[in-house]
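# Examination of the molecular architecture
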Amino acid sequence: MADPLRSADVVALGGGHGLAASLSALRLVCERVTAIVTVADNGGSSGRLREDFDVLPPGDLRMALTALCDDGEWGQTWSDVLQHRFTGDGDLAGHALGNLLIVALWQLHDDPVTGLDLVGRLLSARGRVLPMAAVPLELVAEVSGLDATDPARLETVRGQVAIARTTGLVESIALVPDNPPARPESVAAVDAADHIILGPGSWYTSVLTHLLVPQLREALVHARARKVLTLNLEMHTAETRGFSATRHIETLHETAPDLTVDAVLADPQTIDDRDRLTRACASLGAELVVAPLARLDHPGQHDALRLAAAYRDILS
């Protein structure tokens, strides 16, 4: 009997290593995966290319493509090539080759999605990678705790890198421009999806950003798909210092109070108060699903097989 999950349309939203983790798991159980990737990165190779060529930051898009690459020799070889980062002190130092390839294709084709689709074909990727917005975005956060004499005072921190490294507490996040156009392909993918996965990832700079793009948020709110929120394995990052799993749910609800979710997936080691977390999930309309998701040798990293098994149980 055919596995219906294999032929289902699955959309995963996020950025960076968190999105790569969910994609690495999803491609083990699904054939039709679309990644919708944040485009607010302003650091490293991506930040330099974004500034030099006025393009979308390619780094998170590259990581998503390589996470979806075929397991055969061809796909793995090209994945390694795209992930290769130049060393030394020259102009190329620090650049990932895949970032350069993506920007070159954007210049040749003048359409980010066409360029990404071509890289996907090169990798024999098991899915498609799309940017969440049509223009590069800047993240702006209101942060408390930066002034020792007045801890409640809010200060504005600009840029994904600065927000990710802040020593204060992120109180809210916004995008510049504040009403960015979504990529129509991304909205169409959400509309057509059977299942939607949000997270894991840097909570403010990778996960919640998707809910700040009005057209994309509207599509997520009205999507007919089954929606799953995947919580992080590490609760206390620079962005979410002192946050519990419940507080993560609360910030999502504050950001998009009209968004409902069917299931919240959490590793048991991240839960400090299960009853409270269950109630918070219920406020989203969600069932709490608890399953071991971490690698045994690296507890802060998702195990692709464990995560794939959890997704299969929820989505089936």
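For the structure itself, look to the data block above.
I will try to describe carefully the structure that is included in this document. Numbering of residues begins from 1 in every chain and follows the order in which that chain's sequence is written. Local features are withheld for residues below a pLDDT of 70 in this predicted model, meaning they are given only at 70 or higher, and side-chain atom pairs are given and counted only at 80 or more; totals for whole chains, interfaces and linings count all residues. The side-chain quantities take in all heavy atoms of the structure and omit both hydrogens and water.

### Some remarks on the pattern of salt bridges
Put simply, a salt bridge is a Lys or Arg side-chain nitrogen that is within 4 Å of an Asp or Glu carboxyl oxygen. What the rule picks out here adds up to 16 salt bridges. The residue D3 makes a salt bridge to R312 at a minimum N-O spacing of 2.9 Å. With D3 in the segment before β1 (9-14) and R312 in helix α13 (residues 304-315), this pair connects stretches of sequence that are 309 residues apart. Here D71 ties to R126 by a salt bridge, and the two come within 3.8 Å at their closest N and O atoms. Here a helix means four or more residues in a row that DSSP labels H or I, a strand means two or more in a row labelled E, and each is numbered from the N terminus.

### What about the packing of helix α1 (residues 16-26) against α13?
What counts as an axis is a line fitted to C-alpha atoms, over the stretch in contact for a helix, and the angles between N-to-C directions run from 0 to 180 degrees. Axis separation between α1 and α13 bottoms out at 8 Å; the angle between their running directions is 70°. Classified by the interaxial angle, the pair formed by α1 and α13 is roughly perpendicular. Here α1 runs over α13; the crossing is right-handed. In contact with A21, S22, S24, A25 and L26 of α1, α13 contributes A304, L307, A308, Y311 and L315. In terms of residue class, the contact of α1 with α13 is made up of eight nonpolar, two polar and no charged. Angle categories: roughly parallel below 35 degrees, roughly antiparallel above 145, roughly perpendicular from 65 to 115, and oblique for all the rest. Crossing chirality is assigned from the near helix's rotation relative to the far helix, an anticlockwise turn below a right angle marking it left-handed and a clockwise turn marking it right-handed. Contacts are assigned to residue pairs with any non-hydrogen atoms lying within 4.5 Å of each other. When residue character is reported, Ala, Val, Leu, Ile, Met, Phe, Trp, Tyr, Cys and Pro are called nonpolar, Asp, Glu, Lys and Arg charged, and the others, Gly included, polar.

### Observations regarding the sheet that holds strand β4 (residues 138-144)
Pairing within the open sheet is antiparallel, and its three strands lie in the order β5-β4-β6. The outermost strands of the open sheet, each flanked by one partner alone, are β5 (155-158) and β6 (169-176). Averaged over all neighbouring strand pairs, the angle between strand axes comes to 25°, with direction disregarded. The pairing criterion is simple: DSSP has to find at least two bridges between the two strands. The pairing of β4 with β5 spans four bridges and is classified as antiparallel. Bridge pairing links V140 to R158 in β5.

### Some thoughts on the side chain of S144
Tracing the chain through its elements places S144 in strand β4. Accessible area is worked out with a 1.4 Å probe on protein chains only. A residue is then buried under 20% of its type maximum, exposed over 50%, and partly exposed in between. Looking at S144, the relative accessible area reads 8%, which means it is buried. The term polar contact refers here to a pair of N or O atoms within 3.5 Å; inside protein, the definition further demands a hydrogen-donor-capable atom paired with an acceptor-capable atom, and it admits residues adjacent in sequence only when both atoms are side-chain atoms. At a separation of 2.6 Å, a polar atom in the side chain of S144 contacts the side chain of E171. Ignoring anything within four residues of it in the chain, the contact list for S144 reads P151, A152, R153, L154, G168, L169 and E171.

### Some thoughts on empty space enclosed by the protein
Detection works on a 1 Å grid of protein atoms alone, calling trapped sets that fit a 1.4 Å probe cavities and calling open sets with protein on both sides within 12 Å along at least five of seven lines pockets, with lining residues defined by an atom within 4 Å of a point. Grid points are joined across faces, edges and corners, and a volume is the space filled by probe spheres set on the points. Across all of its chains, the model carries one cavity of 30 Å³ or more by this definition. The space that makes up the largest cavity amounts to roughly 70 Å³. In terms of lining, the largest cavity is formed by L13, I196, L198, L220, K227, V228, L259 and V261. Contributing elements (two or more residues each) for the lining of the largest cavity: β7 (195-198) and β8 (226-230). Residue composition of the lining of the largest cavity, grouped by class: seven nonpolar, no polar and one charged.

### A few points about helix α5 (residues 97-109)
Under the 1.5 Å per step criterion, the end-to-end length of α5 is 18 Å for 13 residues, consistent within 8% with the ideal 18 Å. On the buried face of α5, the contacting elements are α2 (44-53), α3 (59-67), α4 (73-83) and α6 (112-123). D110 sits one or two positions beyond α5 and adopts a positive phi of about 60°. For a helix, the expected span equals 1.5 Å multiplied by the number of residues minus one.

### Concerning the sheet that holds strand β2 (residues 32-37)
For sheets, the rule is that strands pair by backbone hydrogen bonds, running either parallel or antiparallel. Sheet architecture is open: seven strands sit in the order β3-β2-β1-β7-β8-β9-β10, paired in parallel fashion. Of all the strands in the sheet, the pair left with one neighbour each is β3 (128-131) and β10 (287-290). Averaged over neighbouring strand pairs, the angle between their axes works out to 20° when direction is ignored. Judged from the three bridges that link them, β8 and strand β9 (residues 263-266) form a sheet pairing that is parallel. Bridging across to β9, L229 finds its partner in V264.

### Thoughts on the packing of α3 against α6
Closest axis-to-axis distance for the α3/α6 pair is 10 Å, and the angle between their directions is 30°. Put simply, α3 runs roughly parallel to α6. Here the hand of the crossing between α3 and α6 comes out right-handed. Contacts from L61, L65 and T66 in α3 reach L116, V119, G120 and L123 in α6. In terms of residue class, the contact of α3 with α6 is built from five nonpolar, two polar and no charged.

### Some points on the pairing of β7
A two-sided burial pattern is seen for β7, the buried positions comprising H195 and I197 on one face and I196 and L198 on the other. The pairing of β1 with β7 spans four bridges and is classified as parallel. The residue of β7 that forms the bridge with V10 is H195. As judged from the four bridges shared by β7 and β8, these two strands associate in the parallel manner. Each bridged residue has a counterpart across the sheet, and for H195 the counterpart in β8 is R226.

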